[in-house]
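Structural features, examined
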Amino acid sequence: MAGFCVCCSALKPRYKRLVDNIFPANPQDGLVKSNMEKLTFYALSSRPEKLDRIGQYLERKLSTDISRHRNQYVFISMEILDQLLVSCHAHSLNLFVESFLKMVQKLLECGDPKMQIRATQSFVKFANVEEDAPSYHRRYDFFVSKFSSLCHNNHQDVQTCRKLRQAGLKGLQGVVRKTISDDLQVNIWEAVHMDKIVPSLLFNMQESNHGSDGDHGEADTPQEDDDPAHLAEVVFRDLICRASYGNIKSVLSPVLTHLDNHNLWVPNDFAIRLFKIIMFSVQSQYGYLVVQMLLSHVDKNAKSDPRIKTCIVTVLYEAVLISAGNSTGPSVLEVFNNLLRHLRISIDRKSSDEHQRNEEIKFEEVVVNTIGEFANNLPDYQKIEIMMFVLGKFPQFTNEEEIGKMDKQLSFNLLRTLLKVATKYKTVSLSQAFPPEFLHPLLRISLIDDPGMRIIVQEILHTLLDRHGNSFKLKHISLPEDISSLHLTIKTNDRHDLLFMKKSGMQLYWHILENLQLESNKVDNFEAIYCTMCLLGIEVGQDEVIIELVRLALDIQQMTLSSSLPKTHICAIHSLVVAFLNMLGQVTQVNALSLHALRVAENRENEAPYLLPDFAFNRKNRPNSYPKDTEIKESCLFHQDRLAECLRSAGLDVTRLSTPFSARPNLGYGVVGSGEGGTSVSDVGSINIDFENTDGSPRISKKTDEITVESLKKMLAEDSSAGKAEEERHRREIVHMFRSAPFEEIVARSEAISNHFHSKLNEILEIVSQDRIATEPQTQEIVYPKLFVY
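For clarity, every value in this text was computed on a predicted model and none was experimentally measured. (Residues numbered from 1 in each chain as written. Predicted model: local features only at pLDDT ≥ 70, side-chain atom pairs only at ≥ 80, totals over all residues. Heavy atoms only, no water.)

Moving on: the overall build of the chain. A tally of helices and strands in the chain yields 34 helices and two strands. Sorting the 790 residues of the chain into buried and exposed places 48% on the buried side. Surface summary for the chain: the accessible area is close to 39,800 Å², and the carbon and sulfur share equals 52%. (Helix = DSSP H or I, 4+ residues; strand = E, 2+ residues; numbered from the N terminus. Buried < 20%, exposed > 50% of the residue type's maximum accessible area, 1.4 Å probe, protein only. Areas by Shrake-Rupley, 256 points an atom, 1.4 Å probe, with all protein chains shown as cover.)

Rendered as structure tokens:
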């Protein structure tokens, strides 16, 4: 019988005999190395089809050994395959690989963990082999599914579980590396594969958060290289790095789905860590795609729990922090519009529930911070455009009634957003920082009735005006004899800034004056306005601007003397004026001006201490803290002739000092009452027009006195001498203005009158449109019989 076997063995083909000779009699001895070298030489030197036959023969032997549970021979067969695979680079390696992959698949299908780990090791070696010819028909669906299932293994033995998960992760990495570099093979980026690969990686990465090693002692803690969580992160980084423009979304979609399905947004520690990995790993030019995906996910969760929205936007904020300027992508305004839209939705969805309301406020805070961080990645010229874009989101208002209808919370958040963007802008030239399209709407908003919003507007002006970090040193109003203690940074002014002040300075001055007249002002408002005035003197403290600022101070004082403001406001404004003139004289080195301001302050110290900052801006004071008689003596006031002498001694031209700002036209913003020389909103509002008549022509309202023939005769018979005198006086004022006022002031006045006219015209047209809508017949509801309900 032995002789018969020898004869049969001699009749076998040579490649079979070479394969059989590798297997030892005792499997514990391992393969016979000398015979393995003979088989390798035969496979390399003979025709390529011999390698395919060797693979098929080994596959049959492996199947037999698996069925007979001869595991040692199975391991020897796999070692033979590994060595042949690494050594042979024939052009027809494809058919051998088919046999190899079938054997790997059979081992993976076994329930024995050792077999599965050994199969994975062979597959990883195969993944590192570069084939000479591509394969058009090879598929890896089974391997993706099997390796993904190994990643979720929950074996009772902790060490075995860790090894199986590690094997699954390495197998997935091998599949990605094998397929990603060859366009002719299976597309691993398809959703059917990514929906298995990405959650498997995230599942293991998530384990590091809540401690997968909680069941074993510290001595059994795996090394970092053997930790499935660490290995999963390495594979995930490798996957993100290899993703091109068209494949980023294929990876991110299952990431977002996994976070949704497993409620990993709240808390968002894992989500933040995950997207930090993504932003650090993705190619820099594709970073904005990650941002767009997160923004789309915020849209998807717009009506969900506000905590989820807050956490998603927080993740977005962290992602933008990492990006190097490419996060916003080409559609910058679309990104900002999306975030501002969510800000508006959040405000509209606030309910009476205190908890939900607080969550929505947190969401709004995160949105504002995220917008600011987005703006930080933009060039300066785009930051100004973004600020103009945010200003465009404010409701258009022309009178106090419409301001009252504004959503205060929305306006407040828009202003905070504007301030956040402004803090990211570095001002070089005031003309660039304050284009008219931005400055005029901003100044218009500065007259809103809400004092908190007005403070934010002033802070925006501080941020853009202050180029040397002085604003925080000017937050409190004081009277220092020497400003060196404030450590202000004062540098030479730019000529372009002076041109800007000639063009837009009047608007700034007038709005400062209008702001000071508002009765809702608080101490913080006065301090903010004082800081704005000081910054103007520091940043643009040239000769002409000094004269204009002194004119402004005189006009503020005159306004206070003739106004009906509360006693507390009057004292605060007088204190502001003396502190400002002292500061202006020192920062512009007009020493006579600061000395005069200090002398006036000494007079007030003796006669009216309530007109000094220490008293007027003491927040502990109450109205009864002030004396009943607050009549101000001449020695406690500033006079034009004395100020002119101080300025003249410094070589300044004081010709324009005699022209007060109080002759300005009303700016038509409908917030402050009418001023001399202009028409207020209340004046226009007093014209009552009735549109209820059927012929469509306006007539005098029924509320007014009826006009009769007798009243018209009486009006014609009246002496018109008083009207002619008033008309002559007004004509002389206009002639004087055109002769003495500078050209820039004339232009500013004409623009204000034009704006006033257009605002009133829009107001009247809106009244007409609303009245027509109100008078249109309403469509009555049709009630159908019950028979037609079906």
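Helix length check: helix α25 (residues 523-539) (17 residues) gives 24 Å between terminal C-alpha atoms against 24 Å at 1.5 Å per residue, within 8%. Among the 17 residues of α25, 15 are classified as buried, and the element is accordingly described as predominantly covered. (Expected span 1.5 Å × (residues − 1).)

Before going further, it helps to examine the pattern of salt bridges. For the structure shown, the criterion picks out 22 salt bridges. Of the charged contacts in the structure, one is a salt bridge between D299 and R341, with a shortest N-O distance of 3.0 Å. One end of the pair, D299, is in helix α14 (residues 287-300); the other, R341, is in helix α16 (residues 332-348), with 42 residues separating them in the sequence. On the accessibility criterion, D299 (30% relative accessible area) is partly exposed. The partner of K502 in a salt bridge is E544, with the nearest N and O atoms 3.6 Å apart. Linking K502 in helix α24 (residues 495-516) with E544 in helix α26 (residues 543-562), this pair joins segments that are 42 residues apart in sequence. For E544, a relative accessible area of 35% gives the class partly exposed. Three or more residues are tied together by salt bridges with common partners; here these are R177, D238 and R242. (Salt bridge = Lys/Arg side-chain N within 4 Å of Asp/Glu carboxyl O.)

A word on the packing of helix α12 (residues 248-261) against helix α13 (residues 269-281). For the pair α12 and α13, the least separation of the axes is 12 Å and the interaxial angle reads 170°. When the axis of α12 is compared with that of α13, the two are roughly antiparallel. Touching L252, V255, L256 and L259 of α12 are F270, A271, L274, F275 and I278, all from α13. When grouped by side-chain class, the residues that make up the contact of α12 with α13 number nine nonpolar, no polar and no charged. (Axes fitted to C-alpha atoms, helices over the stretch in contact; angles between N-to-C directions. Parallel < 35°, antiparallel > 145°, perpendicular 65-115°, else oblique. Contact = heavy atoms within 4.5 Å. Nonpolar A, V, L, I, M, F, W, Y, C, P; charged D, E, K, R; others polar.)

When you line up the elements, N582 lands in helix α27 (residues 567-587). By relative accessible area, N582 is classed as buried at 0%.

For the pair N582 and H596, spaced 14 residues apart in sequence, the C-alpha to C-alpha distance is 8.0 Å. The contact partners of N582, leaving out residues within four places of it in the chain, are L479, P480, S594, A597 and L598.

We now examine the side chain of E364. For E364, the position within the fold is in helix α17 (residues 354-376). Within polar-contact distance, the side chain of E364 engages the side chain of N413 at 3.4 Å. (Polar contact = N/O pair within 3.5 Å; in protein donor to acceptor, adjacent residues only side chain to side chain.)

Let us look at unusual backbone geometry. At the junction of V266 and P267, the peptide bond is cis and its omega measures out at -10° in the coordinates. Inspection of the secondary structure puts P267 in the loop between α12 and α13. The phi angle at H69 is positive, at roughly 60°, despite the residue not being glycine. Position of H69 among the secondary structure elements: in the loop between α4 (48-67) and α5 (71-87). Classification of H69 by relative accessible area gives exposed; the value is 66%. In this model, H487 sits at a positive phi of 55°, which is unusual for a non-glycine residue. Positionally, H487 belongs in the loop between α23 (451-465) and α24.

Take the packing of α12 against α14 next. Their axes nearest at 11 Å, the elements α12 and α14 cross at an angle of 40°. The two elements α12 and α14 cross, and the hand of that crossing is right-handed. For the pair α12 and α14, contact is made by I248, K249, L252, S253, L256 and D260 and by L289, V290, M293, L294, H297 and K300, respectively. Among the residues making up the contact of α12 with α14, the classes are represented as seven nonpolar, two polar and three charged. (Left-handed = near helix turned anticlockwise from the far one by under 90°.)

Formally, a disulfide is one covalent bond, and it connects the sulfur atom of one cysteine to the sulfur atom of another. The tally for this structure, following the rule as stated, stands at zero disulfides. Among the cysteines around C531, which has no disulfide bond, C534 carries the closest sulfur, lying 6.9 Å off. Classification of C531 as buried rests on a relative accessible area of 0%. (Disulfide = S-S within 2.5 Å.)

Attention now goes to the nonpolar core. Grouped together as the largest cluster of nonpolar side chains are 213 residues, with contacts concentrated most on F236 and F275. Take this core: its biggest share by element is 13 residues, from α27. (Core = buried A, V, L, I, M, F, W, Y, C linked by side-chain atoms within 4.5 Å.)

Turning to the packing of aromatic side chains, a few remarks are in order. Summed over all chains, the structure comprises 15 aromatic pairs. When the centroid spacing of 6.1 Å and the interplanar angle of 45° are considered together, the rings of F23 and Y73 count as tilted. Here F23, found in the loop between α2 (14-22) and α3 (33-45), pairs with Y73, found in helix α5; they are 50 residues apart in sequence, far enough to count as distant. For Y73, a relative accessible area of 15% corresponds to the buried category. Seen in terms of ring centroids, F142 and F143 are 5.5 Å apart; in terms of plane orientation they differ by 75°. Their pairing is edge-to-face. For F143, a relative accessible area of 3% corresponds to the buried category. The rings of F100, F123, F126, Y140, F142, F143 and F147 are connected pair by pair, giving a single aromatic cluster. Here the basic side chain of K61 rests over the ring of F23, its NZ or CZ set 4.7 Å away from the ring centre. Its guanidinium or amino end placed over the ring of F363, K309 lies 4.5 Å from that ring's centre, counting from NZ or CZ. (Phe/Tyr/Trp six-rings, centres within 6.5 Å; stacked < 30°, edge-to-face > 60°. Lys NZ or Arg CZ within 6 Å of the ring centre and 35° of its normal.)

Before going further, it helps to spend a moment on α12. Spacing of three or four residues puts side chains on the same side of an α-helix, whose turn is 3.6 residues. When the terminal C-alpha atoms of α12 are compared, their 20 Å separation across 14 residues agrees well with the 20 Å that a helix rising 1.5 Å per residue should span. I248, V251, L252, P254, V255, L256, H258 and L259 are the residues of α12 that are buried. One or two residues past the end of α12 sits N263, with phi positive at roughly 55°.

In this structure, H574 sits in helix α27. Separated by 14 residues in the primary sequence, H574 and T560 place their C-alpha atoms 7.7 Å from one another. Setting aside residues up to four positions removed in sequence, H574 forms contacts with Q557, T560, L561, R604, L611, I632 and L637.

Residues with a pLDDT of 70 or more make up 76% of the chain, whose mean pLDDT is 79. Segment residues 663-705 is flagged for pLDDT under 50; beyond a separation of four residues in sequence, or across chains, it makes 74 contacts in the model. (pLDDT = per-residue confidence, 0-100.)

Another point: the environment of K628. Counting through the fold element by element, K628 comes out in the loop between α29 (613-616) and α30 (640-649). Note: C-alpha distance between K628 and K567 (61 residues apart in sequence) is 9.4 Å.

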